[in-house]
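Fold and geometry: a report
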Amino acid sequence: MEVFNVRRFILVLTAAFAFVAVDARPAAAATNCVSECGGSTPTPAPSYSSSPTPTYSPSPSPSPYPSSSPSPYPSSSPSPTPTPTGADSSGNSIGGLANQRFNQMITNRVLGTVLLGVNEQVNCSNCISAFGSAGSFSAGIHGRKELTNNLSLLAGIAYTQYSEGGYNITSAPIGAFALRYDFTDWGSSRPFFDIGTILTPWEKARYTRSYNTSLGPVSVTSSTNVSNYAVYGRAGWISRVSPRDEVAASIEVWQLWQRVSGYTDSAVAFNPLDASIATGTDRTNLVKIGGQWTHLYGSNIEANINGGWVQSFASHSGIVATVTGDGTVVPTMGNQGWFEYGGRLGFRVQKGWIVDLFANGTLGPQPVGNTIHGGVGLRINY
């Protein structure tokens, strides 16, 4: 019985081992197939859900390193700079320069007439006067000398500085002289005649040109050299109505020239419509009808008032400007009319020595406008 059991155990064990060996061969074959196809592990069967979940692709992040070759096309175009408008205003500013230059001619003449005794009586003894004035700064000397009983020389020289309506004049010496013929042998009421000139051969001028653009206002001040010349003739009638009073009426004809050297706008931060002004000569002709009265109060106070209407004609502006946006601009200068006035109050401090207070100016529309120039002088009669 024990032998049988041992044999039986051995047979059972052998049969079990054979079953296990046969069952393991397919698994080994499957393993070898997966290894030969390149996979290391078997791929599990996919599973599907009943409702698919959407997926989103993230935006690519920029590379921290620039590409080796830049793109030939810019990623965005720069904003263009706006072009300012205002050509009309810039062109009109040249007319403003013409007005300034016309005013300059008239002011130079008014200051020059002080040297020709505009505030003094027509007939008086030899005298010399040193003076200074404000409003327009002026300092100089003038006087008269009898050459004969009928002929007198009037002359003077001064240094002036003045400004008006956008322009400024510095370092301007003015000289003037005239001859006066007075028919003294005709009695207390008689005619007289003057012929003379006013010369300003060199002066420094600054002119300001202003205009508006769409980007804001522009103001440009430029410097140049100027010279002024004037000639005149005067015919009048004088009357000694009493030992203390002299009255006179006259008509004057003037011709004025003003030579202005060429220049371009000075450099400023913003001047898109710049201008270049060529060398040119301004001209005008004047007719003045006026009168004056001189009176002696007591024995020590002497007063004079004078005035007259002035009319310009055949005026011409010498400006030829080249302006960006406008091309060539040539302003016109119309005829002007205005009133000129003057006066003097003299105090005789001692025999032959007189302290004078005087004033001269204009009243009228632009470009001449309303001006006044006043001063003080010391006059010596001899």
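Refer to the structure above for everything that follows.
Let me sum up the structure you'll find in this document. Just so we're clear, the structure is a prediction, and the values are computed from it rather than from any experiment. (Residues numbered from 1 in each chain as written. Predicted model: local features only at pLDDT ≥ 70, side-chain atom pairs only at ≥ 80, totals over all residues. Heavy atoms only, no water.)

Observations regarding the nonpolar core
To keep it simple, the criterion reads: For our purposes a nonpolar core is just a set of buried Ala, Val, Leu, Ile, Met, Phe, Trp, Tyr and Cys residues, chained together by side-chain atoms within 4.5 Å. Burial status follows relative accessibility: with a 1.4 Å probe on protein chains alone, a residue under 20% of its type maximum counts as buried, one over 50% as exposed, and anything between as partly exposed. The secondary structure listing takes helices from DSSP runs of H or I that are at least 4 residues long and strands from runs of E that are at least 2 residues long, numbered from the N terminus.
By size, the foremost hydrophobic cluster in this structure holds 43 residues, and its most contacted members are Ile 94, Ile 106 and Tyr 207. Within the residue set of this core, elements represented by two or more residues are α2 (87-114), β3 (151-164), β4 (167-182), β5 (189-213), β6 (216-242), β7 (245-260), β9 (275-277) and β12 (321-323). The biggest single contributor to this core is α2, with nine residues.

Some thoughts on the sheet that holds β9
Inclusion rule: We call two strands paired when DSSP finds no fewer than two bridges between them. Only heavy atoms matter for contacts: two residues are in contact if any of them lie within 4.5 Å across the pair. Lines fitted to C-alpha atoms define the axes, with helix axes restricted to the stretch in contact, and inter-axis angles between N-to-C directions lie between 0 and 180 degrees.
Sheet architecture is open: four strands sit in the order β8-β9-β12-β13, paired in antiparallel fashion. Where the open sheet ends on each side, the last strands, each with one partner, are β8 (263-264) and β13 (327-329). Inspection of the sheet shows β8 paired to β9 by two bridges, in the antiparallel sense. Counterpart to Tyr 263 in the pairing with β9 is Ile 277. Sitting on the sheet, α2 touches β8, β9, β12 and β13, and the angle it makes with β9 is about 30°.

A short note on the packing of aromatic side chains
Filter applied, for reference: Any two rings among Phe, Tyr and Trp, with Trp reduced to its six-membered ring, count as a pair given centres within 6.5 Å; such a pair is stacked if its planes are under 30 degrees apart, edge-to-face if over 60, and tilted if neither.
This structure, assessed with the given rule, holds nine aromatic pairs. An angle of 75° between the planes, with centres 4.9 Å apart, marks the rings of Tyr 181 and Phe 183 as edge-to-face. Between Tyr 207 and Tyr 263, the ring centres sit 6.4 Å apart and the planes meet at 15°, which makes this aromatic pair stacked. Of this pair, Tyr 207 sits in strand β5 while Tyr 263 sits in strand β8; the two residues are 56 residues apart in sequence, bridging distant segments of the chain. Here Tyr 207 falls in the buried class, since its relative accessible area comes to 1%.

Remarks on the side chain of Asn 126
Our working rule: Polar contact criterion, stated in full: a pair of N or O atoms within 3.5 Å, where within protein one must be able to donate a hydrogen and the other to accept it, and residues adjacent in sequence count only if both atoms are side-chain atoms.
Considering the arrangement of structural elements, one finds Asn 126 in the loop between α2 and β1 (127-134). With a relative accessible area of 13%, Asn 126 lands in the buried category. In this structure the side chain of Asn 126 is engaged in a polar contact, spanning 2.7 Å, whose partner is the backbone nitrogen of Glu 146. Setting aside residues no more than four positions away along its own chain, Asn 126 makes contact with Arg 144, Lys 145, Glu 146, Ile 380, Asn 381 and Tyr 382.

Focus on the sheet that holds strand β2 (residues 137-146)
Reading around the circumference, β1-β2-β3-β4-β5-β6-β7-β10-β11-β14-β15-β16 is the order of the twelve strands in this closed barrel, with antiparallel pairing throughout. Adjacent strand axes in the sheet meet at a mean angle of 20° when their direction is disregarded. In terms of strand pairing, strand β10 (residues 280-297) meets strand β11 (residues 301-316) through 14 bridges, oriented antiparallel. Its bridge partner being in β11, Leu 296 is matched across the sheet by Glu 302. Each of β2, β3, β4, β5, β6, β7, β10, β11, β14 (337-350), β15 (353-363) and β16 (371-381) touches α2; the most contacted strand, β5, lies at about 150° to it.

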